[in-house]
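Close look at the chain arrangement
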Amino acid sequence: MGCGRVGAALALSLEERGHSVAVVDQNAEAFRRLPPDFEGNKVTGLGFDRDTLTSAGIDDAYGFAAVADGDNSNILAARVVRETFGVDNVVARIYDPHRAEVYQRLGIPTVATVRWTTDQVLRRLLPMGATDEFHDASGQIALAQVDVNPAWVGLPVRHLEDASGARVAYLTRYGDGVLPTSSTVLQENDVVHVLLRVEDTPAVERVLTGLPPVSS
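1. With respect to the overall build of the chain
Helices and strands together make up the secondary structure of the chain, namely 7 helices and 10 strands. Taking the principal axes of its C-alpha atoms as reference, the chain extends roughly 70 × 35 × 30 Å. Residue burial in the chain is summarised as follows: out of 216 residues, 36% are buried. Excluding contacts between residues fewer than 6 apart, the proportion of contacts in the chain whose partners are at least 24 apart in sequence is 50%. On the chain, roughly 12,700 Å² of surface is accessible, and the fraction owed to carbon and sulfur atoms is 52%. The distance from the centre of the 19 positive side-chain charges to the centre of the 29 negative ones in the chain is 3 Å.

2. A closer look at helix H4 (residues 97-105)
Among the residues making up H4, those that are buried are Pro 97, Ala 100, Tyr 103 and Gln 104. Seen from one end, H4 has its buried residues packed into an arc of 115 degrees, which puts them on one side. Pointing more than 90 degrees away from the buried face of H4 are the exposed residues His 98 and Arg 105. Phi for Gly 107, located one or two positions after H4, is positive at around 90 degrees.

3. What about the sheet that holds strand S4 (residues 89-94)?
Here 3 strands make up an open sheet; going across it, the order is S3-S4-S5 and the pairing parallel. The open sheet has two edge strands, strand S3 (63-66) and strand S5 (110-112), and neither has a second partner. Taken over all neighbouring pairs, the strand axes of this sheet differ in orientation by 15 degrees on average, direction set aside. Relative to S4, S3 runs parallel, the two sharing 4 bridges.

4. A short note on the pattern of salt bridges
It is possible for side chains of opposite charge to pair when their charged atoms get near one another. Under the counting rule described, the total for this entry stands at 5 salt bridges. Glu 29 is the salt-bridge partner of Arg 32, the closest N and O atoms lying 2.9 Å from each other. The class for Arg 32 is exposed, based on a relative accessible area of 69%. Exposure remark for Glu 29: the relative accessible area of 46% places this residue in the partly exposed category. A salt bridge links Arg 79 to Glu 83; its shortest N-O distance comes to 3.0 Å. With Arg 79 and Glu 83 both in helix H3 (residues 71-83) and 4 residues apart, the pair spans about one turn of that helix.

5. Some points on the nonpolar core
Counting 19 residues, the largest nonpolar core has Phe 64 and Val 81 as the members making the most contacts within it. Every element with two or more residues in this core is listed here: S3, H3, S4 and H4. With 5 residues, H3 is the largest single contributor of residues to this core. Counting 16 residues, the second-largest nonpolar core is a separate cluster that includes Trp 152, Leu 160, Leu 171 and Val 204.

6. Let's talk about the environment of Val 43
Relative to the assigned elements, Val 43 resides in strand S2 (residues 41-44). For Val 43, a relative accessible area of 9% corresponds to the buried category. The contact partners of Val 43, leaving out residues within four places of it in the chain, are Val 23, Val 24, Asp 25, Phe 31, Thr 52, Ser 55 and Ala 56.

7. Here's the deal with unusual backbone geometry
A negative phi angle characterises most non-glycine residues, just as the trans form characterises most peptide bonds. Of note in this structure, Tyr 174 is not a glycine but carries a positive phi near 55 degrees. As for its placement among the helices and strands, Tyr 174 is situated in the loop between strand S8 (167-173) and strand S9 (176-178).

8. As for helix H1 (residues 5-16)
Over its 12 residues, H1 extends 16 Å from the first C-alpha to the last, a length consistent with the 16 Å expected when each residue adds 1.5 Å. Gly 7, Ala 8 and Ala 11 are the residues of H1 that are buried. Angularly, the buried residues of H1 cover 100 degrees about the axis, an arc narrow enough to put them on a single face. Exposed residues lying more than 90 degrees from the buried face of H1 are Arg 5 and Glu 16. Close packing links the buried residues of H1 with strand S1 (22-25). Trailing H1 by a residue or two, Gly 18 shows a phi angle of about 90 degrees, which is positive.

Cut-offs applied
- Residue positions are given per chain, counting from 1 as you read along its sequence in written order.
- Given that this is a predicted model, residues contribute local features only at a pLDDT of at least 70 and side-chain atom pairs are listed and counted only at 80 or more, while totals for whole chains, interfaces and linings are drawn from all residues.
- The basis for every side-chain value is the complete set of heavy atoms in the structure, and neither hydrogens nor water enter the calculation.
- Helix numbering and strand numbering both begin at the N terminus, where a helix is a DSSP run of H or I of at least 4 residues and a strand a DSSP run of E of at least 2.
- Buried means the residue's accessible area, taken with a 1.4 Å probe over protein chains only, is under 20% of the maximum for its type, while exposed means over 50%, and partly exposed covers the values in between.
- Only heavy atoms matter for contacts: two residues are in contact if any of them lie within 4.5 Å across the pair.
- Methods summary: accessible areas were calculated by the Shrake-Rupley approach with a probe of 1.4 Å, and residue burial reflects only the protein chains presented.
- Residues scored as positive are Lys and Arg, those scored as negative are Asp and Glu, and His as well as the terminal groups of each chain are ignored.
- Taken as the charge centre is NZ of Lys, CZ of Arg, CG of Asp or CD of Glu, depending on the residue.
- To obtain the arc, one takes the directions from the helix axis to the C-beta atoms.
- In this description, strands pair whenever DSSP reports at least two bridges between them.
- Angles shown run from 0 to 180 degrees and are taken between the N-to-C directions of axes, each axis being a line fitted to C-alpha atoms and, for helices, limited to the stretch in contact.
- Salt bridge, as used here, is a side-chain nitrogen of Lys or Arg placed within 4 Å of a carboxyl oxygen of Asp or Glu.
- Residues grouped as a nonpolar core are buried Ala, Val, Leu, Ile, Met, Phe, Trp, Tyr and Cys residues, joined through side-chain atoms within 4.5 Å.
- The span expected for a helix works out to 1.5 Å for each residue beyond the first.

It is worth stressing that arrangement in space is one thing and function is another; only the former is reported here.
Listed below in structure tokens is the structure:
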């Protein structure tokens, strides 16, 4: 739902990956953002209207993304699609980060545009710290990219876990994803992604951006 710049780019990306796509927008002029060779279904109407959704093929849908301009419309559409049509894979774009937290707790995955942009800018301004990549539905567990002091390089990944209490979910190594084992050693330029409790984020940051503890 929503054929703005994000919606159009998302539709094209999905189509390029071989998926069948339907785009819903209340303004037919918005479909001009799609190229002439777009093969998906273009439906004019409100994305939370049941008849409109049915025309778009919601009964056969695997997933639904609400990326219109309004927070209320996006959440309403996401709830209708999930609760009325039984589509489990829904996501809503939310501009208000406080609202995003509330809806996340209700089990509606959200992308908080302002918070995401802020996090990306901060990561470039303040390179040492953690950047959230995902929260579970309760908002208590996060997957975060964490900067690590170079002094940890050469040590087994399990040492990072033992010292910080976080779990290393995966590494990004020269653009490739690596699932660590008990023998995986941190290499230079590795990007570390950890699972942690949100309330523990400051403590994990302090440990991993600091020097490794001295072994006795």
